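A closer look at the structure
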Amino acid sequence: MATNSNSSALDALESLMTVVRTLRQQCPWDSAQTYESLRPNTIEEAMELADALMAGDPEAIKKELGDVLMHVLLYACIAEEKGQFDFADVCNAVRE
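Only a predicted model underlies this, so the values are computations on that prediction, with no experimental measurement involved. (Residues numbered from 1 in each chain as written. Predicted model: local features only at pLDDT ≥ 70, side-chain atom pairs only at ≥ 80, totals over all residues. Heavy atoms only, no water.)

1. Re the overall build of the chain
Quick note on the threshold: Starting at the N terminus, helices and strands are each numbered in turn, a helix being any DSSP run of H or I of at least four residues and a strand any DSSP run of E of at least two. Three labels apply to residues, based on accessible area from a 1.4 Å probe with only protein chains included: buried if under 20% of the type maximum, exposed if over 50%, partly exposed otherwise in between. In this description, contact between two residues means that some pair of their heavy atoms is separated by no more than 4.5 Å.
Broken down by element type, the chain carries five helices and zero strands. Reading the helices (α) and strands (β) of the chain from amino to carboxyl end gives α-α-α-α-α. Based on the C-alpha atoms only, the size of the chain along its principal axes is roughly 40 × 30 × 30 Å. With 96 residues in all, the chain has 20% of them scored as buried. Partitioning the intrachain contacts of the chain with sequence separation of at least 6 by distance along the chain shows that 57% fall at a separation of at least 24.

Written out as structure tokens, the structure is:
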């Protein structure tokens, strides 16, 4: 069972967000993505998560949660680039 502290979870999230921003700047596929182009892939990732949950496979659930999280971060990064909102705004909206 995972025993990561809040601090290590925040460090991991910050590191992942750095990767997403780097990909948006340096990877042709990632930099070309838009809300619209990502939508079909996001739906597919959500369905894969649902399948993993139904199968009760912790490793598959972890992988698919990561894929869904990557999409959330990509959408937030796109929004940040457009000056709409950022990931902190997403977190604050959920908390509120």
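2. Comments concerning the packing of aromatic side chains
Heads up, the rule is: Each aromatic pair joins two rings of Phe, Tyr and Trp (for Trp, the six-membered one) with centres within 6.5 Å, and gets the label stacked for planes under 30 degrees apart, edge-to-face for over 60, and tilted for any other angle.
Enumeration according to the criterion identifies one aromatic pair in this entry. Measuring from ring centre to ring centre gives 6.1 Å for Tyr-35 and Tyr-75, while their planes differ by 35 degrees; the resulting arrangement is tilted. Of this pair, Tyr-35 sits in helix α3 (residues 35-55) while Tyr-75 sits in helix α4 (residues 58-81), and the two are 40 residues apart along the sequence.

3. Some remarks on the nonpolar core
The nonpolar side chains of soluble globular proteins are, as a tendency, buried together. Heads up, the rule is: Take the buried Ala, Val, Leu, Ile, Met, Phe, Trp, Tyr and Cys residues and link them wherever side-chain atoms come within 4.5 Å; each set so joined is a nonpolar core.
Counting residues in each nonpolar core, the largest one holds nine residues, listed as Met-17, Val-20, Leu-38, Leu-73, Leu-74, Ala-76, Cys-77, Ile-78 and Phe-87. When contributions to this core are tallied by element, the ones reaching two or more residues are α1 (6-26) and α4. With five residues, α4 is the largest single contributor of residues to this core. If we skip the residues at most four places from it in the chain, Ile-78 touches Arg-24, Gln-33, Thr-34, Tyr-35 and Leu-38.

4. Observations regarding the packing of α1 against α4
Note the following rule: To get an axis, a line is fitted to the C-alpha atoms, and for a helix only the part in contact is used. The angle between two axes follows their N-to-C directions and goes from 0 to 180 degrees. If an angle is under 35 degrees, it is roughly parallel; if it is over 145, roughly antiparallel; if it lies from 65 to 115, roughly perpendicular; otherwise it is oblique. When the near helix sits turned anticlockwise from the far one by under a right angle, the crossing is termed left-handed; a clockwise turn instead gives a right-handed crossing. Gly counts as polar in this scheme, as do all residues outside two lists: the nonpolar Ala, Val, Leu, Ile, Met, Phe, Trp, Tyr, Cys and Pro, and the charged Asp, Glu, Lys and Arg.
Here α1 crosses α4 at 60 degrees, and the two axes come no closer than 10 Å. Our classification of the angle between α1 and α4 gives oblique. The interaxial crossing formed by α1 with α4 has right-handed handedness. Residues Leu-13, Leu-16, Met-17, Val-20, Arg-21, Leu-23 and Arg-24 of α1 form the contact with α4, whose participating residues are Leu-69, Met-70, Leu-73, Leu-74, Cys-77, Ile-78, Glu-80 and Glu-81. Of the residues assigned to the contact of α1 with α4, the class counts are 11 nonpolar, no polar and four charged.

5. Points about the pattern of salt bridges
For the record, the criterion: Salt bridges are defined as contacts in which a side-chain nitrogen from Lys or Arg sits within 4 Å of a carboxyl oxygen from Asp or Glu.
Considering all chains together, one arrives at six salt bridges under this definition. Where Glu-80 meets Arg-21, a salt bridge forms, and the shortest distance between an N and an O atom there is 3.0 Å. On the criterion of sequence distance, the pair formed by Glu-80 in helix α4 and Arg-21 in helix α1 is long-range, its members being 59 residues apart. Arg-21 sits in the partly exposed class, given a relative accessible area of 35%. For Glu-81, the salt bridge goes to Arg-24, with nearest N and O atoms at 2.5 Å.

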